Structures are given as structure tokens and as C-alpha cells.
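# Analysis of the macromolecular model
Here are the chains, one letter per residue:
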Amino acid sequence: MTGRSVAGQVFVLQVVIVLLLVVSAVVAQVLQVRHDSSLEARNRSLAVAETFANAPGTAAALRAPDPTSILQPKAEAARQGSGVDFITVMNTDGIRYTHPKPDRIGKKFVGTIGPAVAGGTVVEEVNGTIGPLVQVVVPVKDAGGKVVGLVSAGITTAHVGGAADQQLPLLLAAAAAALVLATAGTALVSRRLLRQTHGLGPSEMTRMYEHHDAVLHAVREGVLIVGGDGLLLLANDEAQRLLDLPEEAEQRHVLELGLDDQTAGLLASGRVATDEVHLVKDRLLAVNQRPTDMRGGPPGSVTTLRDSTELRALSGRAEVARERLNMLYDAGVGIGTSLDVSRTAEELAELAVPRFADFVTVDLFDAVLHGEEPKPGTALRRAACSGIGKGAPLYPVGERIRFVATSPQARSLTTGQSVVEPVLREAPGWLAQDLERTGQVVDYGIHSLIIVPLRAGNLVLGLANFWRSEKPQPFDAEELALAEELAARAAVSIDNARRYTREHSMAVTLQRSLLPRSLPEQGALEIAYRYLPAQAGVGGDWFDVLPLSGARVALVVGDVVGHGLHAAATMGRLRTAVHNFSALDLPPDELLGLLDELVVRIDQDETPADGAAVTGATCLYAVYDPVSRRCTIARAGHPPPALVHPDGSVEFPDVPAGPPLGVGGLPFETADLELAEGSRLVLYTDGLVEDRDRDIDVGLELLRDSLGRAPGASPEDTCRTVLDRLPNRPSDDVALIVARTRVLGADRVSEWQVPSDPAAVSDVRASVTRQLAEWGLDELAFTTELILSELVTNAIRYGRGPIGVRLLRDRTLICEVSDRSTTSPHLRYAASTDEGGRGLFLVAQLADHWGTRYTPDGKIIWAEQPLP
């Protein structure tokens, strides 16, 4: 094995590589052992320091008059038990209380303590009083979390490196053994290589490689290698077949191979030839020839041969395969572009015509079209039909079809397998479906059919029918496989659309059940509203009109983030909560605060394992009082309201935005607006003014322009004007409320101040009787006197002055008694021995509704009676 041979060079190279690998492994192992030892030292020091710092009595000992006497024995015992080199306890100034060397006690600690004094942890390598070491400093905290001292533990680097030094001899011995074994294995491989190369040197091996490399780069089908002397050096099997060469043709001159003069002359000349056509016996061959010495190779030439007849057939099959792959690719991107069942069926039919079939029809179960699971045994409905022409006598779209048991469609539905009817004229089962129509189909020229069930998992959703009329050949097995692949992709998309339709229908049903079907009766506002669902999905927008006591009305709009069932369900929960909170007559800012807490609880209850919040919402709540014309508004991350004054001018009042619902812990603020009679207050959700292609500021300006176009319009006309400028299908839900204000005039309001004297009750009754007579409500005089007598008496007895009485004649007669007390009366059954407790019970029996609402100065007890 000489150094000039390939085997010798390979042996040397392999030994060098093995040596480098062994050395690298030893170095890496040593470094890893040292790193692991250092890491172990850090972890052990940290564990010991934290354990001692958090041990019972450590914090208390630091406050003792002599901490060293208490802590030094414990520190030494812990040090010896844990295997660290030192445990030092110190105060926050770094003065030691303990140390393995007693003469170091009372001196300054060597190391960084600042982060530990601040409550953190310090890990560092320093040169301490006992030499280079790895040390950790942790804080000692009292029960209140205050840092009262520090604990440091560490191990010297001499001990850290000890483990690595102990393992080093073993590592070196293992490396030496590996080197010996690898060298022996390399020697065996090199000896085997020497035998196989017969002792060839690099030049001989290179020349051999150049010949093979020339062949590999030039070969196409049949390959011939001819030397510079005209001898045939190599002919592969394909060349021998195409040229019909004699046996042992190699090493013979190309002129002696029995070839025609033209082909033999080309091979012997070694000239360049490109796609020259030669007739060799009964084959028409395309010949390409290139010399092998163009790039410094050996003299000679390489010739490639192709049978043009077979190439044409292969080209045709390749074109068909390419077209089918393109069709499958187009099916992947073109079928299922929408989540509509019928449209997905149409996409399958449009894709396959005319590229695969002349006519395609898709029949689906009615349940699938409505988003439900198919019910076997029921009729199908034609969902799509596409063809190369019109007038084909196939069932039209929308036709309900019940296939007879002998038809191939029925067999496909029953077995779940595809069916091919190559000749429809000879298919009695198909002809029996509808004798008149099937005869018309055959006469029209449709002669072959493939029926493929649309399967999604275990469900058969319907059938895809591929009809052929123009091409005379019937469908074959390869075309059946393509039809099944197209149907399989379409079935997945149809099933996705079906599931979406079901979920969408459920969400729409839930949402419609949660939104108000009609607005309650009230006289303070003239209201019109609109709700537009989003282009896709169901959102969480909602609105409400809530009559309150004292002829007041609350308006609310809100928007839950997201779409689908969860958003609709959350919207219903928030709307119900607003109903309940409004019954308490809370101010808008307090109501939003309670709603914010509810959303926080929803998040806490429904937050997934990854900790992401599941709910987010905005809301605007406004309360309008027709007596004072005051509107109090608060909003939580919601777009501001628009106000259209009677003169037609439009503004967006400055209402504090507040955080969205669910943030928690932040207060909400209110804004008080005094609205002139006939003003229009416009509340909306962000879908009206915000879009993917439009900023909210642009949307607000468009809204301002729309509202300014109709200065005296009714709320209904205002809604129509605003929504006419929106796209046909907005990308997000839109909720819109337009409320025109009314005023409860002074002729319908009466107020009295009542002194805190029981004798004043009779004067109140007399005043109320006169007022009711002026209003023509004498029928209510008795019950009203009784109600006010009880309420005023309670206010005088239990409340604080001043006491006020107010009568409002709206849709009902409203009696209100106010005082400065915040104590609310409670309805109860009075015992026979009780002196009181019956008055409020009597009020509840006489009035349709009654209740208490709190004001910044006290409370108001109110009661409503229907007008005669």
C-alpha cells in the first residue's frame, strides 16, 4: 500500500479525520464536564443559600442582639451537611455574622450585594477570602416582605474542577481506545479498497471517472461511447435494442456493426450532430452526438438515440397527465372559495367542463343544503349543472330527484362506490329511471357516464355525475380515478360549507332571539333603528331601549369582539345584564362598572390554558330625562355618539371614552348634555364608521355628512339616509339607533316642597287633588292621595328634609317623593301587633309599578298608575 495509490491516500486521510474527531470529542467532553461541574456548583450554592435564608428563625435571629451566636452554629452545620465551602449570613450593609473562619466575622463581605438588597438574587464568580469561588447571595425577608439581611453560599473553583480532573484520565483512555479501533478499521477498509482498485493510482482513477462523467452528463435514452480510433467502447441496453447491435459489439469498429452507411459514418466521424433523424431498419431515430474531448476528456464521442415514435406517445401521455395535474391543482384552489354549499357544487361543475366532461351535474340531499347531516333514503336535489351547450335534457337545477333502485345513482348511494356506465344506450338500470327523459338524453348525444359519491368521512352528501357526448370513446379507468379525486376534493369543501351553514344558522337563530323584536312603549324619544349582519359570520353587536322611572329612557349599544356562536352568546349575557342593572336605576358610569366586572368574571371562567382572554366588548349607555332635557352618557371603548341639533348642525359630543369592558379596575366617567327638543341622538357600532379600507376618522366624517344632508328628517328617514351610503354587505355588523327628543312640558309636571311636619300631608293631598282635576284625572284622585299620603308620611318619619313631591302626566301618572335620606323602604308583611309596615304594602297594591332610585342628594320613591 504505497503513498501514490488511491488506497494509501484514503488510509492517511481517514486516519487524520479519525484523529481530529477523537481529539474534538475529548476536548468537548472535558469542556462539557467542566461546564456541568460549574453549573452544579451554582445550582447547589443557590439551593443552600435560599434554603438557609427561608429557614424558620433566620429572619428573627437577624433582629436578635447577637445574631452571630445564633446563626454561626447553624451555618456551620448546614455547610458541612450540604458540601458547600461557606455559608455567610450578613446584614444589608454586607457585615458578616457568620463565616467558616471566625476571624472573618464582622468584616465586609467580598462580592456584589446590591441586587440582593433590592430583593433579587446574585450569582457570580469572585476571588473571595478563601480563594477563587462561585458564590450566590440571596435576601432574607421578614413576614412583610422586607429584606432584613442576606445569605451567601459558595464553592471554591478548586472543588468545582475536581470532578473534571478525576474524569479526565478515563476520558483520555477511552479516546485512545477509540483511536486504536478506528485506525484498525480504517486499515481494513483501505486494504479492501486496494484489492478492488487493483492498485490503480489517482491518474488512472481520474481517467476512468472522466469517461463515466461524460456519459452521465450526455446520456438521454440510448447511449453509445466511441473512442477516437472508431472503436465502440460502450453501448447501453437501450442503444443495443434500438440499433439491433450484434453480441459482443463493444471493442469493435463502428463500421463493422452492420449499420447503414449514413449512421455508421456519423458514429465514425465523431462530428457534432443535433437531433438528426436516421432510419435504422424499421425505426426512425433522433440522433445527438457530442465529442468527449471538448472539456479535456479522452478522444472519442458520445451519441444518444431517441425513438421519435415512442417519444410522441410518451409526450401525449405526459401532456394528458400534466393537464390532469393542472386540473387537480385548479380544483384545490378553485373549489371551496366560498362557504356556500350550492356555490361549491357549481364550482365543481364549472371546473370539470369542458376539461374533463362535456356535462357535469351535482345532486345533494336537501339536508346538506340546509347545513344538516344527510338522511339516507331521501330524495336528492340538483344543486348544480354545467355543460358545453344549452338545451341538454338533463334534470334542471332545483329539481327534486328520487332515483329508482335499479339506477346506477341509487347503487352508488347505497354502496358508497363509484359507478361507470360506459354505454348509456345499453344500461337498462339507468334507462329505467325516466324512460322519456333518458331517451332524450341518448338522442341528444350523451353516451357515457361516471357517477361518484360525494363522501366526507362516513357521510355521503350526494352525487357528482360526469357526462360525455363529444368524445366518442367511453370513460376509462384512469378517467374514473380523476373523477373520484375531483369529487373527493369537492366533497371536503361541500362538507365544510355544510358545517359552516349549520353553525351560521344556529348563530343567526341565537342572535335574532337575543336582539329586541320590538321597542317598548315610551314617550320621551321617537326612535328608529337598524341592524345589518356582517358579510360573513354572526357578530356580537346589540342595542336596546329601556324605559326607566320618572319618564326617563335609557339607550344602549354594544359590540362584542369576534364572530360566531360565542360572540352571540356573550352578547346575550351582556344584554341581559344591562336589563337587570338598569332596573336598579344606576347612573351610567356605575352600570358600566358592574358590566366591566361581569366581563372580567366571564374571562376568568372561560380563559383557556394558554391564558388568552376570550371576551372583549365595548358599550355606550345613555339616559335621557324629558323633564330636564338632560342626557347623561358614559361609554366603554365605544365610538362617540353623534348629535344632530334642530338646525341641522352635527357634532360628536366630547364623552370620555373609558376602557373597553373586561379591562377591570378603571373607573368610567359621564358627560351631561342638555338637548333641545327635536334633537336627534345617533348611537351606532363601529361597523358603521370603520372598515378594512377606511380609517375611523374618515368614517366619522362620512357619517357627519350623511346626517347633515337631512336637517329635519325623521329618525326613520335618518336611518335610511345613513345606511344608503354603506356597502351592500358590510364587513362587520352594524347597529344604529336614531332617537329624536321630546320634552315633557311644564303643563304636565307639578312639584311641591313639603315641610317635615305630619300636618303638611293634608296640604299635599289637597294640592294633588286640584292638579288632577286640572288634568281631567279625577278618577285617580283617591288612589293618588292614598299613595302620596303613605310615601310623604314615610319620608317625614324616616327620611331627612327637604322633602319634595312631583307629579308627571306621561303615558302613566307618576308620583315621586324625594328626600335626603339614602335608606330605602322594603316591602314586607306586617304582623297583627305591628304599628306600621302596611303603608308600602298598600302602595304596591294600588300602583302598577313602584320603586326607589338614588340621586346624588338622596333618593326618590316613585309609583306609576295607568291613565284611565
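Residues numbered from 1 in each chain as written. Predicted model: local features only at pLDDT ≥ 70, side-chain atom pairs only at ≥ 80, totals over all residues. Heavy atoms only, no water.

On to empty space enclosed by the protein, then. One pass over the full model with this rule turns up 2 cavities of 30 Å³ or more. Approximately 120 Å³ is the volume attributed to the largest cavity. (1 Å grid on protein atoms, 1.4 Å probe; cavity = no way out; pocket = protein on both sides within 12 Å on 5 of 7 lines; lining within 4 Å. Points joined across faces, edges and corners; volume = space filled by probe spheres on them.)

Scanning the entire structure with this criterion turns up 5 aromatic pairs. Ring centres 5.9 Å apart and planes at 70 degrees place the aromatic pair Phe359 and Tyr444 in the edge-to-face group. With Phe359 in strand β10 (residues 359-365) and Tyr444 in helix α15 (residues 435-444), the pair connects residues that are 85 residues apart, well separated along the chain. With relative accessibility at 36%, the residue Tyr444 sits in the partly exposed group. Sitting over the ring of Phe475, Arg468 keeps its end group 4.2 Å from the ring centre. (Phe/Tyr/Trp six-rings, centres within 6.5 Å; stacked < 30°, edge-to-face > 60°. Helix = DSSP H or I, 4+ residues; strand = E, 2+ residues; numbered from the N terminus. Buried < 20%, exposed > 50% of the residue type's maximum accessible area, 1.4 Å probe, protein only. Lys NZ or Arg CZ within 6 Å of the ring centre and 35° of its normal.)

Here 5 strands make up an open sheet; going across it, the order is β26-β27-β28-β30-β29 and the pairing antiparallel. Across the chains shown, the open sheet's two edge strands, defined by having one partner strand only, are β26 (749-754) and β29 (849-855). With strand direction ignored, the average angle separating the axes of adjacent strands in the sheet is 15 degrees. Bridge count for strand β28 (residues 812-819) against strand β30 (residues 858-866) is 8 bridges, and the pairing is antiparallel. Bridging from a neighbouring strand, Glu816 pairs with Trp862 of β30. Most of the contacts of helix α21 (residues 760-774) go to β26, to which it runs at about 170 degrees, and overall it touches β26, β27 (803-809) and β28. Each of β26, β27, β28 and β30 is contacted by helix α22 (residues 781-798), which is oriented at about 15 degrees to β28, the strand it contacts most. (Pairing = 2+ DSSP bridges. Axes fitted to C-alpha atoms, helices over the stretch in contact; angles between N-to-C directions. Contact = heavy atoms within 4.5 Å.)

The subject of this paragraph is a nonpolar patch on the surface. A grouping of Leu19, Val23, Val27 and Leu31 is seen on the molecular surface, where their side chains present a nonpolar patch of about 340 Å² in accessible area. Inspection of the secondary structure puts Val27 in helix α1 (residues 6-53). Residue classification places Val27 among the partly exposed residues on the basis of a relative accessible area of 44%. (Patch = residues over 30% accessible without salt bridge, like charges linked within 9 Å, V, L, I, M, F, W, Y side chains within 5 Å. Areas by Shrake-Rupley, 256 points an atom, 1.4 Å probe, with all protein chains shown as cover. Salt bridge = Lys/Arg side-chain N within 4 Å of Asp/Glu carboxyl O.)

Moving on: the pattern of salt bridges. For the structure on display, the rule yields 34 salt bridges. A salt bridge links Glu323 to Arg355; the nearest nitrogen and oxygen atoms lie 3.1 Å apart. Of this pair, Glu323 sits in helix α10 (residues 308-334) while Arg355 is found in the loop between α11 (341-352) and β10, placing the two residues 32 residues apart along the sequence. Note on Glu323: relative accessible area 28%, which makes it partly exposed.

This part is about the side chain of Ser789. Along the chain, Ser789 falls in helix α22. Of the polar contacts made by the side chain of Ser789, one reaches the backbone oxygen of Glu785; its length is 2.6 Å. For Ser789, the contacting residues outside a window of four places in its chain are Val761 and Arg765. (Polar contact = N/O pair within 3.5 Å; in protein donor to acceptor, adjacent residues only side chain to side chain.)

This part is about the side chain of Asp559. Residue placement: Asp559 occurs in strand β18 (residues 553-563). Residues contacting Asp559, with those up to four places away along its chain left out, are Gly540, Asp541, Trp542, Gly616, Ala617, Thr618, His638, Thr685, Asp686 and Asp732.

Tracing the backbone through its elements, the reader meets Val689 in the loop between β24 (680-684) and α19 (696-708). For Val689, a relative accessible area of 0% translates into the label buried.

Looking now at the packing of α11 against helix α16 (residues 477-514). Remark: α11 packs on α16, axes separated minimally by 8 Å, with the N-to-C direction vectors making an angle of 165 degrees. One finds that α11 runs roughly antiparallel with respect to α16. Note on packing geometry: the crossing formed by α11 with α16 is right-handed. From α11, Val341, Thr344, Ala345, Leu348 and Leu351 reach across to α16, where they touch Leu486, Ala490, Ser493, Ile494, Ala497, Arg498 and Thr501. Here the residues of the contact of α11 with α16 are counted per class, giving 8 nonpolar, 3 polar and 1 charged. (Parallel < 35°, antiparallel > 145°, perpendicular 65-115°, else oblique. Left-handed = near helix turned anticlockwise from the far one by under 90°. Nonpolar A, V, L, I, M, F, W, Y, C, P; charged D, E, K, R; others polar.)

A few words on the layout of surface pockets. Empty space within the largest pocket amounts to approximately 1100 Å³. Together, 38 residues line the largest pocket, and Arg853, Tyr854, Thr855, Pro856 and Ile860 are the ones closest to its centre. Listed by contribution, the elements that provide at least two residues to the lining of the largest pocket are α18 (588-606), β19 (617-625), β20 (630-636), β26, β27, β28, β29 and β30. Here the residues of the lining of the largest pocket are counted per class, giving 15 nonpolar, 8 polar and 15 charged.

Once that is clear, we can look at the nonpolar core. Membership of the largest hydrophobic core comes to 55 residues, with the highest contact counts inside it found for Phe356, Leu454 and Phe466. Every element with two or more residues in this core is listed here: α10, α11, β10, β11 (380-387), α15, β14 (448-456), β15 (459-468) and α16. Counting residues per element, this core draws most heavily on α16, which supplies 9 residues. Once you skip the residues sitting within four places of it in the chain, Phe356 turns out to touch Met327, Ile450, Phe466, Arg468, Phe475, Glu479, Leu482 and Ala483. (Core = buried A, V, L, I, M, F, W, Y, C linked by side-chain atoms within 4.5 Å.)

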